[in-house]
Amino acid sequence: MTDFVWGVATSAYQIEGAVTAGGRGRSTWDTFSATPGKTRSGETGAQACDHYHRYPEDVALMRELGVDSYRFSVAWPRIQPDGRTLNRAGLGFYDRLIDTLCAAGIAPMATLYHWDTPQAVEDEGGWLNRDTAARFADYAAVLAEAFADRVAMWVPLNEPAMITLLGYGLGQHAPGQALLFDALPTAHHQLLAHGLAVRALRAGGAGLIGTANNHTPVWAADDRPETLAAAAAYDALHNRLFADPILLGTSPAHLPGFEIPAEDLRIISEPIDFYGVNYYNPTRIGAPAEGNPLPFELGEIAEHPATLMGSPIVPDGLRELLVQLRESYGEALPPVYITENGASFAEDLIDGQVHDQPRIDFLSAHLDSLRAAIGAGVDVRGYYVWSLLDNFEWAEGYGQPFGLVHVDFATQRRTPKDSFHWLREHIAKQRG
Ligand code: FCB
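A quick note: this is a predicted structure, and the numbers were derived from the prediction, not measured.

The rules behind the values
- Residues numbered from 1 in each chain as written.
- Predicted model: local features only at pLDDT ≥ 70, side-chain atom pairs only at ≥ 80, totals over all residues.
- Heavy atoms only, no water.
- Helix = DSSP H or I, 4+ residues; strand = E, 2+ residues; numbered from the N terminus.
- Rg over C-alpha atoms; globule rule 2.2 N^0.38 Å.
- Buried < 20%, exposed > 50% of the residue type's maximum accessible area, 1.4 Å probe, protein only.
- Contact = heavy atoms within 4.5 Å.
- Areas by Shrake-Rupley, 256 points an atom, 1.4 Å probe, with all protein chains shown as cover.
- Axes fitted to C-alpha atoms, helices over the stretch in contact; angles between N-to-C directions.
- Parallel < 35°, antiparallel > 145°, perpendicular 65-115°, else oblique.
- Left-handed = near helix turned anticlockwise from the far one by under 90°.
- Salt bridge = Lys/Arg side-chain N within 4 Å of Asp/Glu carboxyl O.
- Pairing = 2+ DSSP bridges.
- Patch = residues over 30% accessible without salt bridge, like charges linked within 9 Å, V, L, I, M, F, W, Y side chains within 5 Å.
- Core = buried A, V, L, I, M, F, W, Y, C linked by side-chain atoms within 4.5 Å.
- Near = heavy atom within 4 Å.
- Polar contact = N/O pair within 3.5 Å; in protein donor to acceptor, adjacent residues only side chain to side chain.
- Nonpolar A, V, L, I, M, F, W, Y, C, P; charged D, E, K, R; others polar.

A look at the overall build of the chain
On a plain count of helices and strands, the chain comes out with 14 helices and 14 strands. The C-alpha atoms of the chain give 20 Å as radius of gyration, which agrees with the globular expectation for 432 residues (22 Å, within 12%). On the principal axes, the C-alpha backbone points of the chain span a range of 55 × 50 × 45 Å. Residues counted as buried form 60% of the 432 residues belonging to the chain. Across the chain, contacts joining residues at least 24 apart in sequence account for 76% of those joining residues at least 6 apart. Taken as a whole, the chain presents about 15,900 Å² of accessible surface, with 52% of it coming from carbon and sulfur.

What follows is the structure, encoded as C-alpha cells:
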C-alpha cells in the first residue's frame with residue numbers, strides 16, 4: 001500500500017470552538033446545543049478543542065503522526081455568517097490552516113458541510129427549503145475560488161443521511177425536528193446541493209471531488225418476508241438514499257413515493273472522482289412492531305463487543321460493505337476512500353499516557369478488513385481515522401473520546417495516546 005493515502009479526520013463544530021471569533025455567524029449546532037435537554041449535560045462546542053487558536057500545534061501533531069492528508073470541515077457560518085454575505089476573516093482562518101498543512105507536507109481534504117448550517121439559512125427552512133441548495137452552491141464557489149490552488153480533495157457534504165434521519169427525522173441532532181418521513185425533502189435538497197456544489201467546485205478549478213457518505217451493512221434479524229422487507233427499507237434509507245442518485249442517477253430503490261425529478265437527477269449524478277465512505281458498524285433490522293410509525297425495528301447486535309457508544313465492533317463489516325458497494329454499483333463506483341472509521345472507549349490519562357489498546361485493536365482489525373476488500377478487487381485508495389483529537393461528539397457532548405490524541409478540555413493540553421504511536425509506526429512500516 002505504498003501510494004495509499006493515510007489520513008485523520010475532524011469537523012469544524014467538533015473541534016474549533018471560538019464560535020464568535022472572526023465574525024462567525026451562529027450555526028444550528030450553537031442553537032441546538034444551547035437548548036436544554038438536547039446534549040449530554042447541556043455541553044456545547046463553544047470551546048471544544050480551541051483548534052481555531054491552536055491549529056499550529058494540531059498540524060504539528062499530524063506531522064509527527066506522519067499522515068499524508070487531513071480531512072477537516074469548513075464552517076459555513078464563518079464564511080457566510082448570514083448564509084449570503086462573504087466574511088473575509090472566516091476565509092482567513094482556513095487560509096492559514098491550509099498554508100500550515102501544505103508547509104507540513106499534508107494534503108488538505110476539505111469538507112464543505114459537516115452539519116453546522118448557518119442559523120439564518122435554517123430560519124428560512126434549512127434543508128427543507130430547496131433554495132438552500134442554491135445557497136450552498138454559492139458557498140462552494142467562494143471556497144473553490146479561495147482554495148482550489150491548494151486543496152487537493154473536496155467533499156461537499158458529510159453524511160447527509162444523518163442530517164435527514166437524526167436532524168429532521170428523529171430530532172436527535174440539530175435542527176431537532178422530528179418529522180419522520182416528512183423529512184425526505186431534506187434528502188432531495190441535500191442531494192441537489194451536492195450536485196450543484198460539484199459543478200461549482202469543478203468550474204472553480206477544484207481537484208478531486210467526492211463524498212463522505214456513511215454506510216452500514218444491514219443484517220436482517222431473520223428471514224421472514226416481513227423482516228427482509230424491513231431490512232430493504234432500512235437499507236434504502238441509510239445506504240441507497242444518497243448512493244443511488246449520486247452514482248446511478250436514479251431515485252433510490254425500495255423507497256416508495258420518493259421520486260426525484262429527472263432534471264435534478266442529472267445534476268445530482270454529476271460524475272465524481274472518488275467515493276468517500278464513513279464506516280462505524282453494521283445494523284440489525286427486524287420487522288416493525290404493531291403501531292411503529294417506521295417500517296422497521298432496530299435490533300441488537302449482542303454477539304459482538306461494543307464501543308463506549310454502544311456500537312458493535314465488527315471489523316469484517318467494512319469488507320462486507322465495500323464488496324457490496326462494488327457489487328451494487330460496478331463500474332459506476334469510482335475509487336473509494338474510507339473518509340471516517342474509529343471508535344470511542346473508556347480510557348484514562350495516567351502519568352501522561354493513555355493506554356488505549358482497544359483502539360489499537362479496533363484500527364488494526366479494520367485495516368485487515370480493508371486489505372481483504374482490496375484483495376477482493378475493491379479499489380480503495382486511502383483511510384482516514386476518526387478522529388485526530390477527542391472532541392465534541394454531538395448529542396453525546398464530551399463523553400465519547402474518539403481521538404488518537406487525548407484532550408484535557410480544562411487546560412487544552414494534548415497527549416498522544418498509545419494508538420497514536422501505534423499508527424505512526426504502522427504508517428511508517430507500510431511506506432517501507
Ligand atoms: C460520524 C460523524 C462524525 C463523528 C463520528 C463519530 O457519523 O460524521 O462527526 O460524530 O460519527
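The structure having been displayed, the exposition proceeds.
Points about the packing of helix α3 (residues 51-65) against helix α5 (residues 88-103)
Across the interface, α3 lies against α5 with an axial gap of 10 Å and an inter-helix angle of 15°. With respect to their mutual orientation, α3 and α5 come out roughly parallel. Between α3 and α5 the crossing geometry is right-handed. Only F93, R96, L97, T100, L101 and A103 of α5 make contact with α3, whose side of the interface consists of H51, Y52, Y55, V59, M62 and R63.

Details of the pattern of salt bridges
In this structure the tally under the stated criterion is 28 salt bridges. Between D68 and R431 there is a salt bridge, with the nearest N and O atoms lying 2.7 Å from each other. Of this pair, D68 sits in the loop between α3 and β2 (69-73) while R431 sits in helix α14 (residues 418-431), placing them 363 residues apart in sequence. Among the residues examined, D68 registers a relative accessible area of 24% and is labelled partly exposed. Judged by relative accessible area, R431 falls into the partly exposed class, the value being 37%. Notably, a salt bridge pairs R371 with D368, separated by 3.5 Å at the nearest N-O pair. Taken as a pair, R371 and D368 lie in helix α13 (residues 357-375) at a separation of three residues, close to a single helical turn. The exposure class of R371 is partly exposed, given its relative accessible area of 26%. The class for D368 is partly exposed, based on a relative accessible area of 47%. If you follow the salt bridges from partner to partner, you end up with E347, D356, R359, D390 and K417 in one network.

Thoughts on the sheet that holds strand β4 (residues 153-157)
Strands sit in the order β5-β4-β3-β2-β1-β12-β11-β8-β6 across an open sheet of nine strands; the sheet is parallel. Since the sheet does not close on itself, it has two edges, and those belong to β5 (208-209) and β6 (213-215), each with one partner. Where β6 lies against strand β8 (residues 275-279), three bridges are found, and the strand directions are parallel. Looking at β8, one finds that H215 is bridged to Y279. Contacting β2 and β3 (107-113), α5 runs over the sheet at an angle of about 170° to β2.

So, unusual backbone geometry
In this structure, the amide linkage connecting A174 to the following residue, P175, adopts the cis form with an omega of 5°. As for its position among the elements, P175 is in the loop between α8 (160-169) and α9 (184-203). In this chain, W386 is followed by S387 through a cis amide linkage whose omega measures 15°. Mapping S387 onto the fold places it in the loop between β12 (380-386) and β13 (405-408). Located in the positive-phi region is E159, a residue other than glycine, with phi close to 40°. With respect to the helices and strands, the residue E159 is situated in the loop between β4 and α8. You will see that H254, though not glycine, has its phi angle at about 65°, which is positive. Turning to its location among the elements, H254 is positioned in the loop between α10 (225-248) and α11 (262-268). Among the residues examined, H254 registers a relative accessible area of 53% and is labelled exposed.

Describing a nonpolar patch on the surface
Side chains of L170, L180 and F181 sit close together on the surface and give an oily, nonpolar patch of about 230 Å² of accessible area. Tracing the chain through its elements places F181 in the loop between α8 and α9.

Regarding the sheet that holds strand β10 (residues 297-298)
Taken together, three strands build an open sheet; the order of strands is β7-β9-β10 and the sheet is mixed. The sheet is open, and its two edges are formed by β7 (218-220) and β10, each paired on a single side. With three bridges joining them, β7 and strand β9 (residues 283-286) adopt parallel strand pairing. Bridge pairing in β9 places V218 opposite T283.

Description of the environment of C49
With respect to the helices and strands, the residue C49 is situated in the loop between α2 (28-33) and α3. Setting aside chain neighbours within four positions, we find C49 in contact with Q14, I15, R54, L389, D390, N391, V407, F409, Q412 and R414.

Looking at the nonpolar core
Counting residues in each nonpolar core, the largest one holds 128 residues, and the members touching the most others are Y94, F136, W154 and L322. Examining the composition of this core, we find that 10 residues originate from one element, α10, more than from any other. If you look at the next biggest cluster of nonpolar residues, it comprises 11 residues, including M153, A212, F274 and Y337.

Quick look at the site of the ligand
Around the ligand, the surrounding shell consists of Q14, H114, W115, N158, E159, Y280, E340, W386, E393, W394 and F402. Note that an oxygen atom of the ligand is positioned 2.7 Å from one of the side-chain N or O atoms of Q14. Separating an oxygen atom of the ligand from a side-chain N or O atom of W394 is a distance of 2.9 Å. Protein chains bury 92% of the 300 Å² of accessible surface belonging to the ligand in isolation. Among the residues making up the shell around the ligand, the classes are represented as five nonpolar, three polar and three charged.

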